[in-house]
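Secondary and tertiary structure notes
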Amino acid sequence: MTKTSWSRFSKLALACLVVLTALAAPVAAVSVGEEDVPSDAQVESKVTTSVTLNELYKNPQLESWTLAGSTELTDVTWTVTYYDQTGAKINQESFDGQNFSGATVAADDGTSKVEIRVVGTAPSVDSYKYDPAQTFDVIHLQQTREGGSSNDIETWTTHHYTDESQSARDALDESKAAVEGVNSDEAQASFDNAVSAFENGNFELATELANEAQTKAQQAEQSSQTQQMLIYAAGGLLAIAVVVGGVFYWRSQQSGYDKLG
């Protein structure tokens, strides 16, 4: 193969690779504008969240599509509000339940922006995790089209907790900061046991072990500081001894010179 033919082949292969990469890449859905999603929610508390979608017809190029949503909140009410390019509200729909579909987004209606608001109750925790903390899907949105195809827009999650679990987590956080600052196998073992207790839902034991780990970490730090002070003290005494010895040696040498004189 000549150099020119090889160059053309390389360019063709590169072009094919670019096309294949573009085809394999996930298709982006609509853009997410403003969002108001709580980072934390206490179990059985009321949760309100809202998300605004814009650039509704660009990715992919569609003139009309259907919005669908789901959530792990309970006792749920969805409110979908449609706005035109001036920001004026042109329509509003409400849906009940953890799942909804059938909210039509169409350019012919003048819709330029859609706000999705969901209100519900934070669910109980099925499984506790310390790091990362346990979460639930507070809102998941999809763009669906005729024929059954769909694109995920985005999923928003929220950390949920109880009074007991949050108290234990606070103790773990304080303990973790103390344990990470020292080199103590005992403190680390107690902290690891505290995490295991937390993830098993035994928050009283988790708090107790976390406090134990923090105490061991503080003791290890004090011991390290004491040893460091002893080392400094020993070094200081050695330096003094060297100086004093040097002085005595110098005087002895001076005395010897006097006798010879």
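Shown above is the structure to which this text applies.
Presented here is a report on the structure given in the accompanying data block. What you are looking at is a predicted structure, and each value in this text was computed from that prediction instead of being measured.

1. So, the overall build of the chain
Each helix and strand counted, the chain has 4 helices and 10 strands in total. The secondary structure elements of the chain, listed N-terminal to C-terminal, are α-β-β-β-β-β-β-β-β-β-β-α-α-α. For the chain, the residues scored as buried account for 32% of the 261 residues in total. Within the chain, counting contacts between residues at least 6 apart in sequence, those at least 24 apart form 65% of the total. When the accessible surface of the chain is split by element, carbon and sulfur atoms take 50% of a total near 16,200 Å².

2. Some points on helix 2 (residues 163-180)
Taking 1.5 Å of rise per residue, the 18 residues of helix 2 would be expected to cover 26 Å, and the 26 Å separating its terminal C-alpha atoms lies within 8% of that figure. Taken together, the buried positions of helix 2 are occupied by Ser-165, Ala-168, Arg-169, Ala-171, Leu-172, Ser-175, Ala-178 and Val-179.

3. Let's talk about the pattern of salt bridges
Applying the stated criterion to the full structure yields 3 salt bridges. The salt bridge involving Glu-199 is made with Lys-129; its shortest N-O contact spans 3.8 Å. Within this pair, whereas Glu-199 is found in helix 3 (residues 185-199), its partner Lys-129 is found in the loop between strand 8 (113-121) and strand 9 (135-144), the two being separated by 70 residues in sequence. Between Glu-212 and Lys-216 there is a salt bridge, with the nearest N and O atoms lying 3.4 Å from each other. Note that Glu-212 and Lys-216 are positioned in helix 4 (residues 203-260) at a spacing of 4 residues, about one turn of the helix. According to the relative accessible area criterion, Lys-216 is partly exposed, its value standing at 26%.

4. Brief notes about the nonpolar core
Of all hydrophobic cores here, the largest spans 29 residues; its most connected members are Leu-53, Leu-67, Trp-78, Ile-139 and Leu-141. Where this core is concerned, the elements lending two or more residues are strand 3 (46-54), strand 4 (64-70), strand 5 (74-83), strand 7 (99-106), strand 8, strand 9 and strand 10 (150-161). Ignoring anything within four residues of it in the chain, the contact list for Leu-53 reads Val-30, Ser-31, Val-32, Gly-33, Leu-67, Ser-112, Lys-113, Val-114, Ile-116, Leu-141 and Ile-153. Core analysis: the next-biggest nonpolar cluster, separate from the first, contains 22 residues, Tyr-130, Ala-168, Ala-197 and Phe-203 among them.

Each value, and the rule that gives it
Numbers given to residues run from 1 along each chain, matching the order in which its sequence is written. Only residues with pLDDT of 70 or above have their local features reported here, since the model is predicted, and side-chain atom pairs are shown and tallied only from 80 upward, although totals for entire chains, interfaces and linings are computed over all residues. The side-chain figures draw on all heavy atoms in the structure; neither hydrogens nor water molecules are used. Put simply, DSSP H or I for four residues or longer makes a helix, DSSP E for two residues or longer makes a strand, and each gets a number counted from the N terminus. Partly exposed residues are those whose accessible area sits between 20% and 50% of the maximum for their type, while under 20% is buried and over 50% is exposed, using a 1.4 Å probe and protein chains only. Contact criterion: two residues are considered in contact whenever any of their non-hydrogen atoms come within 4.5 Å of each other. Under the convention used here, a 1.4 Å probe and the Shrake-Rupley method define accessible areas, while residue burial counts only the protein chains that appear. Helix span, as expected, comes to 1.5 Å for every residue beyond the first. By salt bridge we mean one thing: a side-chain nitrogen of Lys or Arg within 4 Å of a carboxyl oxygen of Asp or Glu. Side-chain atoms within 4.5 Å link the members of a nonpolar core, which is a set of buried Ala, Val, Leu, Ile, Met, Phe, Trp, Tyr and Cys residues.

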